[in-house]
Amino acid sequence: MENLSPRQHQILALSRQVGSVAVEDLAHRFEVTPQTIRKDLNELCDLRLLARTHGGAILTSGVENLAYEARRLMAATEKVVIGRHAAGLIPNNCSLFINIGTTTEEVARALILHEGLLVITNNIHVATMLMPRPKIEVILAGGVLRRSDGGIVGEAAADFITQFKVDHAVIGASALDEDGAMLDFDYREVRVAKAIMQNARNVMLVADATKFTRTAPVRIGQLSDVDVFVTDRAPPEPAAAYCGDNGVRLEIAHEHALSDITRDAAE
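Since the model is a prediction, treat every value here as computed from it, not as a measurement. (Residues numbered from 1 in each chain as written. Predicted model: local features only at pLDDT ≥ 70, side-chain atom pairs only at ≥ 80, totals over all residues. Heavy atoms only, no water.)

A. Seen up close, the overall build of the protein. Scanning the protein for helices and strands turns up 11 helices and 15 strands. Against the globule reference of 18 Å for 267 residues, the protein gives a C-alpha radius of gyration of 19 Å, in line with a compact fold. Within the protein, the fraction of its 267 residues that count as buried is 51%. Long-range pairs, those at least 24 residues apart, make up 60% of the contacts in the protein between residues at least 6 apart in sequence. Summed over all atoms, the accessible surface of the protein reaches about 12,700 Å², with 51% contributed by carbon and sulfur. (Helix = DSSP H or I, 4+ residues; strand = E, 2+ residues; numbered from the N terminus. Rg over C-alpha atoms; globule rule 2.2 N^0.38 Å. Buried < 20%, exposed > 50% of the residue type's maximum accessible area, 1.4 Å probe, protein only. Contact = heavy atoms within 4.5 Å. Areas by Shrake-Rupley, 256 points an atom, 1.4 Å probe, with all protein chains shown as cover.)

Written out as structure tokens, the structure is:
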């Protein structure tokens, strides 16, 4: 870290605030060429502080998660597509858990036209989103409210979840390893996620592909613990092979679905 230039320190600080940075934006901000910024990003990536993406880079790791708003903005388009695809796999007239996460919130947003749902959640954003829908019943878990993102976590929330046995669970993860590990930052949240997986007949993981470039310190479980994995593009080969070997159905949500979303919104 001491070998970083002042500009690289600023780039790293900015990435911690917003989650991802773009070459063109950085070049404009620092009044340098895109080539200079690419060199900075490559050096930061060589140190495993950032990971390159198309047109920029994202923060890769840490012991604390990004701020909620930064997480919401990261891969925002991909999360909308994943949410719409995942919601299409959930039938009417069923019960489900929806866990904490900005991607799981997009699934909830795409469920608003469903009917006959019983949704149990530890995410106040999900509860607020679905509360006005007369044909969706919402049960909000009790427990410690995490002010940073509206998640309800801890022992009380986990115990609450064990009262139910539902048809489907929708969960997210902060990071995914190529060996199949699903990871997060808060052990209190992980305890609730494990209770959710243990009390659902069908478990669906929703996570965009950038999660394979990040790390987190707390293990939720393995991809083999889920039935369906919905993502925006094919995962790294080791992870794809792991899914195949362990009977995990891999569902790739494609961006062309956005045209349907835009058309529906206009109507």
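B. How the structure looks around the pairing of strand E3 (residues 56-59). Where strand E1 (residues 20-22) lies against E3, three bridges are found, and the strand directions are antiparallel. Bridged to Val-21 within E3 is Ala-57. Examined bridge by bridge, strand E2 (residues 50-53) and E3 share four bridges and lie antiparallel to one another. For Arg-52, the partnering residue across the bridge sits in E3 and is Ala-57. Between E2 and E3, which pair antiparallel one after the other, the connecting turn spans two residues, and Gly-55 there sits at a positive phi close to 85°. (Pairing = 2+ DSSP bridges.)

C. Here's a closer look at the environment of Ser-15. By the element assignment, Ser-15 lies in helix H1 (residues 6-18). A relative accessible area of 0% means that Ser-15 is categorised as buried. Spatially, the C-alpha atoms of Ser-15 and Glu-189 are 24 Å apart, while their sequence positions differ by 174 residues. Reaching out from Ser-15, the side chain makes a polar contact with the backbone oxygen of Leu-12 at a distance of 2.7 Å. (Polar contact = N/O pair within 3.5 Å; in protein donor to acceptor, adjacent residues only side chain to side chain.)

D. How the structure looks around the packing of aromatic side chains. Evaluation of the coordinates by the stated rule reveals two aromatic pairs. Here the aromatic rings of Phe-160 and Phe-164 are separated by 5.5 Å at their centres, their planes lie at 55°, and the arrangement is tilted. Ring centres of Phe-212 and Phe-229 lie 6.3 Å apart, and the angle between their planes is 55°; this geometry places the pair in the tilted category. Taken together, the residues Phe-212 in the loop between strand E12 (200-206) and strand E13 (218-222) and Phe-229 in strand E14 (residues 228-231) connect sequence positions 17 residues apart. Each member of the pair, Phe-212 as well as Phe-229, carries the same accessibility label: buried. (Phe/Tyr/Trp six-rings, centres within 6.5 Å; stacked < 30°, edge-to-face > 60°.)

E. The side chain of Asn-199, seen in detail. Assignment of secondary structure puts Asn-199 in the loop between helix H9 (187-198) and E12. By relative accessible area, which is 13% here, Asn-199 ends up buried. Not counting chain neighbours up to four residues away, the residues in contact with Asn-199 comprise Phe-97, Ile-161, Thr-162, Phe-164, Lys-165 and Val-166.

F. Structural view of the environment of Leu-14. Tracing the sequence through the fold places Leu-14 in helix H1. On the basis of relative accessible area, Leu-14 is assigned to the buried category, the value being 15%. Expressed as a C-alpha distance, the spacing of Leu-14 and Val-192, which sit 178 residues apart in the sequence, is 31 Å. Setting aside residues up to four positions removed in sequence, Leu-14 forms contacts with Gly-19, Val-21, Leu-26 and Arg-29.

G. Fine view of the sheet that holds E13. Strand order in the open sheet formed by three strands is E10-E11-E13, with antiparallel pairing between adjacent strands. Lying at the two open borders of the sheet, with one neighbouring strand each, are strand E10 (175-176) and E13. Of the pairings in the sheet, the one linking E10 to strand E11 (residues 181-184) comprises two bridges and is antiparallel in character. The residue bridging Leu-176 from the neighbouring strand is Met-182, located in E11. On the sheet, H9 packs against E11 and E13 and is oriented at approximately 15° with respect to E13. (Axes fitted to C-alpha atoms, helices over the stretch in contact; angles between N-to-C directions.)

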